[in-house]
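Coordinate analysis (summary)
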Amino acid sequence: MSSPSGLRTPGTRVLLGISAGIAAYKSAVLARLLKQAGCEVRVVMTDGAQAFITPLTLQALTGEPVRTSLLDPEAEAGMGHIELARWADTILIAPATADLMARLAAGMADDLLTTLCLASEAEKVMAPAMNQAMWRHPATQRNAARLAEDGWRLLGPASGEQACGDVGPGRMLEPEAILDALLHKAPEDTPAPVTAPDEAPAASREATGLTVTITAGPTREPLDPVRYLSNHSSGKMGYALAEAAATLGATVRLISGPVSLPCPEGVERLEVETALEMHEAARRLAPASDLFIGCAAVADYRAERAAEHKIKKVEGEEGLTLRLVKNPDIIAAVAAERTAGTGHPFVVGFAAETRDLEAYARDKLARKGLDMIVANDVSCPGLGFGADDNAALVLWRKAVGQDGASPEGDGIDQEMLAPQAKSRLAMAVIRHALVCLQARRHP
Ligand code: C5P
């Protein structure tokens, strides 16, 4: 199915599944694009999908009868559902509704499309599309994670204005972007298992020769010899990034605050406690790095002066005033000190938010002068701080064109990475950053 260049060969047999979302009208364009790209396309629609777009439209575009029912003797006589399941190289569902995702995640086979998915060993790809609250709902997030674990590749959803008037994640990716992701190896679109970090074949060690510096974990700001200010960061995401980068062949330096994680194999760890120590290490290592990733939860403030001796309770005093001063913004400083002209290193920040994910991420990308930002909603149960899974919205600045032309629009692209194990998400983030880094160096 793939050529060595990463481009899929035309002739791929695509079973296009359409479920009941308003984005179904875009599936007609997708079917056409797939045909134009040389794919053989057969369409299966759920009952609800037919309320949005007619089978006749898809039949006219693909030149093949459209299947809608499992219990259709005439259609089954033509090509039985098991035969159809075996025929497909790829099952692509676009749009995939919350309901369909739930049924697939549960392994149900209560209509033709879900039955085919269960019966087929084809590559499986879906483009979710739904209202933003439905996408954010813990049940949908759980189902997305389960589907990714089962081998589904989830493309999107994109974030933006929705048909219902809401704004947020849940829009189906545009047909062109879906086709692009399907026909090319596109590491950046893949929350689903492409290759687990511990399984990356030698051929995919695309970071060989690159140096990656990562900050991870919390910082600890002393108040006195026994007390400190800190936060709940476990360091898991930063450590997963370090492991993924090392697996891809990079020389990795991990500047780590106090955590209880072992150092990943092949990674050089520098242990620090305070934000000032982390800042010093980052300043030293960043200029010689190709990629700098700030994943640490750096304390924004420290005590102006840590007491030399343990602070004592004062009888009769109900309160205690501590004067805090601001810590340096490490990643903003690294970004500001990049080598003029070369934009070296490529700087990636993280943002943990509890609301307005995209707006805050855009603001941080601009304010801190970052090249890319990975934002996650830490209010989702089971994701983010301390958890083993994470989901993320990635925003990055597009590279200038070969002719030096500025990118179109606001120059920022974005991609939603569905909930998945931090190890897999880390691999997707590193690969995404590498693609952006190469695009910048070789426009
Ligand atoms: O402003 P906020 O803390 O949300 O920004 C998060 C991003 O900035 C992360 O990449 C974090 O590692 C980095 N950061 C930093 N130094 C600070 C505060 C945050 O490098 N003092």
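Here, every reference points to the structure presented above.
Focus on the site of the ligand
Near the ligand lie 13 residues; those nearest to it are G294, A296, P328, F350 and K364. At 2.9 Å from an oxygen atom of the ligand is found a main-chain nitrogen or oxygen belonging to F350. Notes on the ligand: free accessible area 450 Å², of which the protein chains cover 85%. For the shell around the ligand, the elements supplying multiple residues, two or more each, are α12 (330–336) and β16 (346–353). Of the residues that constitute the shell around the ligand, the class distribution is seven nonpolar, two polar and four charged.

Focus: the side chain of D371
Mapped onto the elements of the fold, D371 is located in the loop between α13 (357–367) and β17 (372–377). Polar contacts involving the side chain of D371 include one to the side chain of R338, which spans 2.7 Å. When near neighbours in sequence (up to four residues on either side) are disregarded, D371 contacts R338, P345, F346, V347, L365, L395, W396, R397 and R440.

A short note on the sheet that holds strand β12 (residues 267–271)
Taken in spatial order, the eight strands line up as β12-β11-β8-β13-β16-β17-β18-β19 in an open sheet, and their pairing is mixed. Edge positions in the open sheet fall to β12 and β19 (412–421), since each of these has one partner strand only. Neighbour to neighbour, the strand axes of the sheet diverge by 20° on average, direction disregarded. Sheet analysis places strand β11 (residues 251–256) next to β12, joined by five bridges and oriented parallel. Looking at β12, one finds that I255 is bridged to L270. Of the strands in this sheet, β8 (211–216), β11, β12, β13 (291–294), β16 and β18 (389–397) touch helix α10 (residues 236–247), which is tilted by about 170° from β11. The strands that helix α14 (residues 422–441) touches are β13, β16, β17, β18 and β19; relative to β19, the one it contacts most, it runs at about 160°.

Observations regarding the packing of aromatic side chains
Going through the model one piece at a time under the given rule, you end up with zero aromatic pairs. A cation over an aromatic ring shows up here: R42 above the ring of W87, its NZ or CZ 5.2 Å from the ring centre.

Let's talk about unusual backbone geometry
For residues other than glycine, phi is negative in most cases, and the peptide bonds are mostly trans. Geometrically, the link from A94 to P95 is a cis peptide bond, its omega value of 0° lying close to zero. Locating P95 in the fold gives a position in strand β3 (residues 90–96). In this structure, D356 is a non-glycine residue whose phi angle is positive, near 45°. Relative to the helices and strands, D356 resides in the loop between β16 and α13.

Let's talk about the packing of helix α5 (residues 98–105) against helix α8 (residues 138–149)
For the pair α5 and α8, interaxial distance at closest approach is 9 Å and the crossing angle is 50°. Judged by the inter-axis angle, α5 sits oblique to α8. In the crossing of α5 with α8, the sense of the turn from one axis to the other is left-handed. Contacts between α5 and α8 involve A98, M101, A102, L104 and A105 from the first element and T140, N143, A144, R146 and L147 from the second.

With respect to the sheet that holds strand β1 (residues 13–18)
Taking strand neighbours across the sheet as the criterion, the five strands line up as β2-β1-β3-β4-β5 in an open arrangement whose pairing is parallel. Each edge of the sheet is formed by a strand with only one pairing partner; in this case those strands are β2 (40–45) and β5 (153–154). Alignment of β1 against β2, held across six bridges, turns out to be parallel. What sits directly across from I18, in β2, is M45. Sheet contacts for helix α2 (residues 55–62): β1 and β2; angle to β2, the most-contacted strand, approximately 175°. Sitting on the sheet, α5 is in contact with β3, β4 (123–128) and β5, with an inclination near 140° to β3.

Observations regarding the pattern of salt bridges
The final tally for this structure, using the stated rule, is 22 salt bridges. The salt bridge involving E174 is made with K26; its shortest N-O contact spans 3.0 Å. Here K26 lies in helix α1 (residues 24–36) and E174 lies in the loop between β7 (167–171) and α9 (175–183), a separation of 148 residues in the sequence. Taking the relative accessible area as the measure of exposure, K26 reaches 14% and is therefore buried.

A few points about the nonpolar core
Core analysis: the biggest nonpolar cluster contains 54 residues, and I93, M101, M126 and L154 have the highest contact counts within it. Element by element, the count of residues in this core is highest for α5, at five residues. Lining this core are residues from two domains, each supplying at least three of them: domain 1 (13–193) and domain 2 (203–304 + 323–441). The residues contacting M126, other than those within four sequence positions of it, are I93, A96, M101, L104, L147, W152, R153, L154 and L155. Ranked by size, the runner-up nonpolar core spans 39 residues in total, among them A207, I214, I293 and C295.

Reading the values: the criteria
- Residues numbered from 1 in each chain as written.
- Predicted model: local features only at pLDDT ≥ 70, side-chain atom pairs only at ≥ 80, totals over all residues.
- Heavy atoms only, no water.
- Near = heavy atom within 4 Å.
- Polar contact = N/O pair within 3.5 Å; in protein donor to acceptor, adjacent residues only side chain to side chain.
- Areas by Shrake-Rupley, 256 points an atom, 1.4 Å probe, with all protein chains shown as cover.
- Helix = DSSP H or I, 4+ residues; strand = E, 2+ residues; numbered from the N terminus.
- Nonpolar A, V, L, I, M, F, W, Y, C, P; charged D, E, K, R; others polar.
- Contact = heavy atoms within 4.5 Å.
- Pairing = 2+ DSSP bridges.
- Axes fitted to C-alpha atoms, helices over the stretch in contact; angles between N-to-C directions.
- Phe/Tyr/Trp six-rings, centres within 6.5 Å; stacked < 30°, edge-to-face > 60°.
- Lys NZ or Arg CZ within 6 Å of the ring centre and 35° of its normal.
- Parallel < 35°, antiparallel > 145°, perpendicular 65-115°, else oblique.
- Left-handed = near helix turned anticlockwise from the far one by under 90°.
- Salt bridge = Lys/Arg side-chain N within 4 Å of Asp/Glu carboxyl O.
- Buried < 20%, exposed > 50% of the residue type's maximum accessible area, 1.4 Å probe, protein only.
- Core = buried A, V, L, I, M, F, W, Y, C linked by side-chain atoms within 4.5 Å.
- Domains from an automatic or database assignment.

Don't take any of this as a statement about function, it's just geometry.
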